[in-house]
Amino acid sequence: TDRARVFSGIQPSGEFHIGNYLGAARQWASMVRDQKEELLFCIVDAHAITVPFEPAELKRRILALTRDLIACGLDPDKCTLFVQSDVPEHTELAWYLAAVTPMGDLGRMTQFKEKSENKDFVSCALFTYPVLMSADILLYKATVVPVGDDQVQHVELARETVRRFNHRFGEIFPEPHPRLSTATRIKGVDGNAKMSKSKNNSIATFSPPDEFWGKLRTAFTDPQRLRKSDPGRPEVCNIYTMHKAVSPEATCNEVYANCTQAKWGCMDCKKVLWENFDRELTPLREKRASLDDDAVRAALAKGAEKARATAKETVTEVRTAMGL
Ligand code: ADP
Ligand code: NA
């Protein structure tokens, strides 16, 4: 077919949070519904081991994340949903690509600088992480890579790698393009600029409603608004950002007016937000409850089989081109 091939990845390194849902999975699900492109979604466990981790925990999280993603609408019959380490060609291709990647380029990656800063142990794998990410994309000759802004630099590196590799060994790979998420970044409940699995500041998408509320209730809002009688600034408030993502427009306007006129307190805005999250998530929770571990494993087995068919072809082509 001539449909564009799209690759996206997510780490099984922590609970699937509402930043992941609003910033990624929700768009992925709409792409799955549209069926305009050929879609690959990869649980990138080989990326998750670049920082300290617990093996039993990782295994549990891979299944949990897969289940969450299917519940969000990543129907395994309509996309290729698979685990990275089920397709060993990812790590094989990463090695071949590493042979054309200058160390200096990796040293310039801002994510590496951030993640390695002040750490006692920094693995080689954390340094070469962007090479594995290039392999993830190029293995399937994907041309579209939906990402958050913090991953754009890695996709640019993948493009450079394509040019270097093709120049040296022949035209094998197409250049991939980042497709920047249009969703606003969700801040952490602690006020941090990004809700993240690794920062312990997230709300798990599928936590029970009372637990969800417990996190939302104490979440940071406008730091300058100390009491209800202070007018709030929705434009800097994470709660308002989330309203814009899940609440109807009329509700967002109501929230905006009542916050800026000091008629509603933060707790009022949070209550309404919680109700709207609940409305959106209820059908997803039901779908999730219908999936047991066996169903999830079966979906992953099918996904790995589909992915491997393409991955093997590419690696054979690459080995031949490189004289291996
Ligand atoms: P995390 O940062 O929690 O480890 P990943 O790096 O695995 O998440 O990212 C998975 C997807 O979720 C990416 O597309 C990323 O852009 C998106 N994402 C992660 N955190 C947020 C957030 N706080 N707001 C919006 N999107 C996010
Ligand atoms: Na991350």
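Please read these numbers as outputs of a predicted model, since none were measured by experiment.

Asker: When you look at helix α13 (residues 293–322) in this model, what are you seeing that I'm missing?
Answerer: Residues lying three or four places apart along an α-helix face the same way, a consequence of the helix completing one turn every 3.6 residues. Over its 30 residues, α13 extends 41 Å from the first C-alpha to the last, a length consistent with the 44 Å expected when each residue adds 1.5 Å. The inward-facing, buried residues of α13 contact β2 (38–43), α3 (55–72), β3 (80–83) and α4 (89–98). Phi turns positive, to about 80°, at G323, one or two residues after α13.

Asker: In this structure, what is going on with the packing of helix α7 (residues 124–138) against helix α8 (residues 152–169)? I would like to understand it.
Answerer: When two helices pack together, their arrangement is given by the angle between their axes and by how far apart the axes lie. Running from N to C, α7 and α8 point in directions that differ by 70°, and their axes come no closer than 9 Å. Put simply, α7 runs roughly perpendicular to α8. You can see that α7 and α8 cross each other, and the crossing is right-handed. Of α8, the residues touching α7 (which contributes P130, M133, S134, I137 and L138) are H154, L157, A158, T161 and V162. Of the residues in the contact of α7 with α8, the class split is 7 nonpolar, 3 polar and no charged.

Asker: Whenever I open this one, the domain arrangement of the protein confuses me. Can you help?
Answerer: Interface size is commonly expressed as the accessible area that is lost once the parts come together. When its domains are assigned, the protein resolves into domain 1 (5–186 + 295–322) and domain 2 (207–287). Each of domain 1 and domain 2 has a C-alpha centre, and these two points are 33 Å apart. Between domain 1 and domain 2, the residue contacts involve 6 residues of the former and 6 residues of the latter. Looking at the side of domain 1 that touches domain 2 residue by residue, the class counts come to 5 nonpolar, 1 polar and no charged.

Asker: Where do I start with the site of ligand 1 in this structure?
Answerer: Inspection of the region around ligand 1 gives 18 residues, with G19, G23, A24, G148 and K197 positioned closest. The element best represented in the shell around ligand 1 is helix α1 (residues 18–34), accounting for 4 residues. Partitioned by chemical class, the residues of the shell around ligand 1 number 6 nonpolar, 9 polar and 3 charged.

Thresholds, definitions, all that
- Residues numbered from 1 in each chain as written.
- Chains lettered and ligands numbered in written order.
- Predicted model: local features only at pLDDT ≥ 70, side-chain atom pairs only at ≥ 80, totals over all residues.
- Helix = DSSP H or I, 4+ residues; strand = E, 2+ residues; numbered from the N terminus.
- Expected span 1.5 Å × (residues − 1).
- Contact = placed C-beta atoms within 7 Å.
- Axes fitted to C-alpha atoms, helices over the stretch in contact; angles between N-to-C directions.
- Parallel < 35°, antiparallel > 145°, perpendicular 65-115°, else oblique.
- Left-handed = near helix turned anticlockwise from the far one by under 90°.
- Nonpolar A, V, L, I, M, F, W, Y, C, P; charged D, E, K, R; others polar.
- Domains from an automatic or database assignment.
- Near = placed C-beta within 6 Å.

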